[in-house]
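Coordinates in review
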Amino acid sequence: MTRILHRSIGPELPRAVSGQGVYITDAQGRRYIDGSGGAAVTSIGHGDAEVLDAMRRQMDAIAYAHTSFFTTEAAESLADRLVDLAPQGLDHVYLVSGGSEAVEAALKMARQYFVEIGQPQRRHIIARRQSYHGNTIGALATGGNAWRRAQFQPILPQTHHVSPCYAWRDQRPDETAQDYAARLAQELEDKIVELGSDQVIAFVAEPVVGATLGAVPAVADYFERIRAVCDRYGVLLILDEVMCGMGRTGTIFAHEQDGIVADIVTVAKGLGGGYQPIGAVLLSGRIYEAFRDGSGLFQHGHTYIGHPVAAAAADKVVEIMARPGLMENVRAMGQRLRDGLADELGRHPNVGDIRGRGLFCGIELVADRDSKEPLDPALRTHARIKREAMARGLISYPMGGTIDGVRGDHILLAPPYIIQPDEIDLIVQRISDAI
Ligand code: PMP
């Protein structure tokens, strides 16, 4: 019997013993194709010799140096690389150890920014319903997933939520995409005004919604309009790219495809590619300068921020993902995945939608295709599909449960960026069989 408290206390899990490229092998010698990169983590693939070598060299040199005393070449190089690749304006980096930590740091950075510039009255965070931003107290409060929050509600700080951009369900039949985007931007503006036009710190959103909705990009115009509303009221725009960022959607930063500039961006998962636990917060010069010219201190920190081995691993992962050809592969293989799924599952009575960007692909399951009525959550269809897929040698990422009143079952596919056409076809075949 295991002595580990796993997330779900249930049947024993197979023991993973090795990973190479897009495959994981368990102790029984069974080989699984990593169709979800764990939870959209494995970006450049398992067992990359260059990353292992970079980590080894860093461990040989120095494995740990506290950031109160030292900086390291690995951390400096990673920060430079991220800034070089980021949309203009995001020119400083705060390194953390994962996604929730990145979101926590982003929230505190945003709040402290307003203290530094003499607007301490700003105290509200607005995010979106049916969202996930992490499991620590602040990140959980930011997320709009009522089911996840329910039992912790009494100890969560107050946050506010508006509608997500979820055209497949929420765009009205008589509404253009532009009208839908305008309606959502108006909803945000109304919420800001309701809370007080100079009282709001930040609006938090994922450019492509991952863990709650299953790879849902915003409609064209949405983020431009949201940006304009934020600017009108001096509200910071925080984009959470923990899941959709670092190449997952076919560009290094997902919001490059939305043509906007953010004030703060969080990244994690694909950044370390699974080699090390690491996350980062990118911030605009304006925020950095407020700290520098103000108290000179970001009043936050964790023991392992800027960890040299994690930074060395991520620096190599990002170097690799930015090499010519890899983002093109993400886009081409993503298209092949969606086309293959549409061929195999496009007429399945319980497949409502197949969507996504790059190698970030979602399948939404329904009881009825026409009414889009969700499946009965008691059936736990997503969990059954995960098991069926694993039995066929495929790792897929299931999502379900009651999300803020919407009962949803989704399957997320997010394989490593190095995946080849025949492996995409294998994923299509195995997930179709499982469904
Ligand atoms: N933000 C988003 C958008 C995420 O998808 C996740 C993880 N699923 C997190 C934050 C939290 O990241 P972590 O699990 O590394 O704490």
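Owing to the predicted nature of the structure, the values given are computational and were not obtained by experimental measurement.

Moving on to the site of the ligand. Around the ligand, the structure places 15 residues, and the nearest of them are Gly99, Ser100, Gly134, Val242 and Met243. Here the shell around the ligand takes 3 residues from helix α4 (residues 99-116), the largest share from any one element. Counted by class, the shell around the ligand contains 7 nonpolar, 6 polar and 2 charged residues.

Read from one edge of the open sheet, 3 strands run β1-β2-β3, paired in antiparallel fashion. Among the strands making up the open sheet, the edge pair consists of β1 (16-20) and β3 (31-33). The mean angle between the axes of side-by-side strands here comes to 25°, regardless of whether they run parallel or antiparallel.

Turning our attention to the nonpolar core. In terms of nonpolar packing, the biggest core is built from 131 residues, with Phe203, Ile238, Ile264, Ala280 and Val281 touching the most fellow members. When residues of this core are assigned to their parent elements, the largest contribution, 10 residues, is made by helix α12 (residues 308-321). Residue contacts for phenylalanine 203: discarding those within four places in its chain leaves Ile126, Leu188, Ile226, Cys230, Val235, Leu237 and Ile238.

It is worth spelling out the environment of threonine 67 at this point. Along the chain, threonine 67 falls in the loop between α2 (49-61) and α3 (73-85). On the basis of neighbour count, threonine 67 is assigned to the partly exposed category, with 17 C-beta atoms found within 10 Å. Considering only alpha carbons, one finds threonine 67 and tyrosine 304, 237 residues apart in sequence, at a separation of 8.3 Å. With near-sequence residues (within four places) excluded, threonine 67 lies in contact with Ile305 and Gly306.

Turning our eyes to something else, we now look at unusual backbone geometry. A positive phi angle is found at alanine 40, which is not glycine, with a value near 60°. Relative to the elements of secondary structure, alanine 40 occurs in helix α1 (residues 37-40). Of the residues examined, alanine 40 has 26 C-beta atoms within 10 Å and is grouped as buried. Its identity is not glycine, yet arginine 380 carries a phi of approximately 50°, on the positive side.

The rules behind each value
- Residues numbered from 1 in each chain as written.
- Predicted model: local features only at pLDDT ≥ 70, side-chain atom pairs only at ≥ 80, totals over all residues.
- Near = placed C-beta within 6 Å.
- Helix = DSSP H or I, 4+ residues; strand = E, 2+ residues; numbered from the N terminus.
- Nonpolar A, V, L, I, M, F, W, Y, C, P; charged D, E, K, R; others polar.
- Pairing = 2+ DSSP bridges.
- Axes fitted to C-alpha atoms, helices over the stretch in contact; angles between N-to-C directions.
- Core = buried A, V, L, I, M, F, W, Y, C linked by C-beta atoms within 7 Å.
- Buried ≥ 20, exposed ≤ 12 C-beta atoms within 10 Å, placed from the backbone.
- Contact = placed C-beta atoms within 7 Å.

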